[in-house]
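Coordinates in review
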Amino acid sequence: MKKVLFLLLFLATSLSFSQSLNDYKYAIVPSKFEFIKEKDQYRLNTLTKLLMEKYGFITYFDTDILPNEVVENNCNKVYVDVKSNGNLFVTKLTVVLKDCKNAVVFTSFEGRSREKELQVAYNQALREAFSSFEKLDYKYSGNSNVNSNVNSSVNNNSNNNSNVKVPILNQNLFAKPLGANLFQLLTNDTGIPNLVLTIAKTNNPSIFIVEEAMRQGVVYKNNNDWIFDYYENEKLISEKLNIVNFN
């Protein structure tokens, strides 16, 4: 297990989820994503903005002059990012929405394309990733009092003297096959499946490597428990996962 962990990158952010997306009225899209060299290269940022608007969010670029209502309440909006985890043969994009506390509130399915022309591949992969928004049926609720309880259940139950956390989301996760070697761990909370992790098989059937740009680590079986190990601020963290359909 230690040899596997040494091959993994440190996790950049921890897992946390907020209230319903219906509580957020606005979306902010960056003018440039980290994995591309120029602002709005391949029109990817513009397409992201258009797709957020398609699914009901009032959307601005981070370079726009924002209305007072957007500026004065920092927690009435989600911040949109697109992550690339592809290679020379496959373009892979995931849409990530965060709240004002930098907590992940939604992660899309991974969109893929094998097109060689990058502009076409990015367009296809992004649209496929956004297809998971179809099931959200987003409609702004008018509730502006969000994020007050974000992470409260984790903070109240975490042991400050231990690096073992309570189970992610305290609910069941369902493993959905994604090709021959990948699985998506989904939660069906509120009837909408949210992607928690994407994991890949290894030669050991009890060990899976997490295959995501933002969350990297290893998922393995310890007796009857599934454990997610990752690094946070150079500290090894272990979280129990309630995966209900894995042997």
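Structure first, text after, so check above.
Read on for an overview of the structure. (Residues numbered from 1 in each chain as written. Predicted model: local features only at pLDDT ≥ 70, side-chain atom pairs only at ≥ 80, totals over all residues. Heavy atoms only, no water.)

Within the structure shown, the criterion is met by one disulfide. Put simply, cysteine 75 and cysteine 100 are joined by a disulfide, and their sulfur atoms are 1.8 Å apart. A torsion of 75 degrees about the S-S bond marks the disulfide between cysteine 75 and cysteine 100 as right-handed. Of the two residues, cysteine 75 is situated in the loop between helix H3 (68–72) and strand E3 (77–84) and cysteine 100 in the loop between strand E4 (91–98) and strand E5 (104–107); the sequence distance between them amounts to 25 residues. For cysteine 75, a relative accessible area of 18% translates into the label buried. Exposure remark for cysteine 100: the relative accessible area of 22% places this residue in the partly exposed category. (Disulfide = S-S within 2.5 Å. Helix = DSSP H or I, 4+ residues; strand = E, 2+ residues; numbered from the N terminus. Buried < 20%, exposed > 50% of the residue type's maximum accessible area, 1.4 Å probe, protein only.)

It is worth spelling out the packing of aromatic side chains at this point. Under the definition given, this model contains 12 aromatic pairs. Aromatic pair phenylalanine 33 and phenylalanine 35: ring centres 6.0 Å apart, planes at 0 degrees, arrangement stacked. Taking relative accessible area as the criterion, phenylalanine 33 reaches 0% and is therefore assigned buried. By the ring-pair criterion, three or more aromatic residues cluster together here, those being Phe33, Phe35, Tyr42 and Tyr122. Of note, lysine 49 hangs over the ring of phenylalanine 61, and the distance from its end group to the ring centre comes to 5.8 Å. One residue, lysine 176, lies across the ring of phenylalanine 109, its end atom 5.2 Å from the ring centre. (Phe/Tyr/Trp six-rings, centres within 6.5 Å; stacked < 30°, edge-to-face > 60°. Lys NZ or Arg CZ within 6 Å of the ring centre and 35° of its normal.)

Counting buried positions along E4 gives eight out of eight residues, so the element sits mostly inside the fold. The side-chain alternation of E4 yields two buried faces, one formed by Thr91, Leu93, Val95 and Leu97 and the other by Lys92, Thr94, Val96 and Lys98. For E3 and E4, the ladder comprises six bridges, and the chain directions are antiparallel. Counterpart to tyrosine 79 in the pairing with E4 is lysine 98. Counting the residues in the hairpin turn of E3 and E4 gives six residues. Strand direction decides the pairing type here: E4 and strand E6 (residues 111–113), joined by three bridges, are antiparallel. Among the inter-strand pairings, threonine 91 is bridged to a residue of E6, identified as serine 113. (Pairing = 2+ DSSP bridges.)

As a further point, take the nonpolar core. Ranked by internal contacts, the top residues of the largest apolar core, which has 29 residues, are Leu21, Met52, Val78, Val95, Leu97, Leu126 and Phe133. The element contributing the most residues to this core is helix H4 (residues 118–130), with five residues. In this structure leucine 21 touches Phe57, Val78, Leu97, Val105, Phe106, Leu136 and Tyr138, once residues within four positions along its chain are discounted. (Core = buried A, V, L, I, M, F, W, Y, C linked by side-chain atoms within 4.5 Å. Contact = heavy atoms within 4.5 Å.)

So, about the packing of helix H2 (residues 44–54) against H4. Where H2 meets H4, the axes come as close as 11 Å, and the angle between the chain directions of the two elements is 25 degrees. Between H2 and H4, the crossing angle belongs to the class labelled roughly parallel. In this structure, H2 meets H4 at a crossing whose hand is right-handed. Facing H2, whose interface residues are Leu44, Leu47, Thr48, Leu51 and Met52, H4 presents Tyr122, Asn123, Leu126, Arg127 and Phe130. Looking at side-chain class alone, the contact of H2 with H4 contains seven nonpolar, two polar and one charged residues. (Axes fitted to C-alpha atoms, helices over the stretch in contact; angles between N-to-C directions. Parallel < 35°, antiparallel > 145°, perpendicular 65-115°, else oblique. Left-handed = near helix turned anticlockwise from the far one by under 90°. Nonpolar A, V, L, I, M, F, W, Y, C, P; charged D, E, K, R; others polar.)

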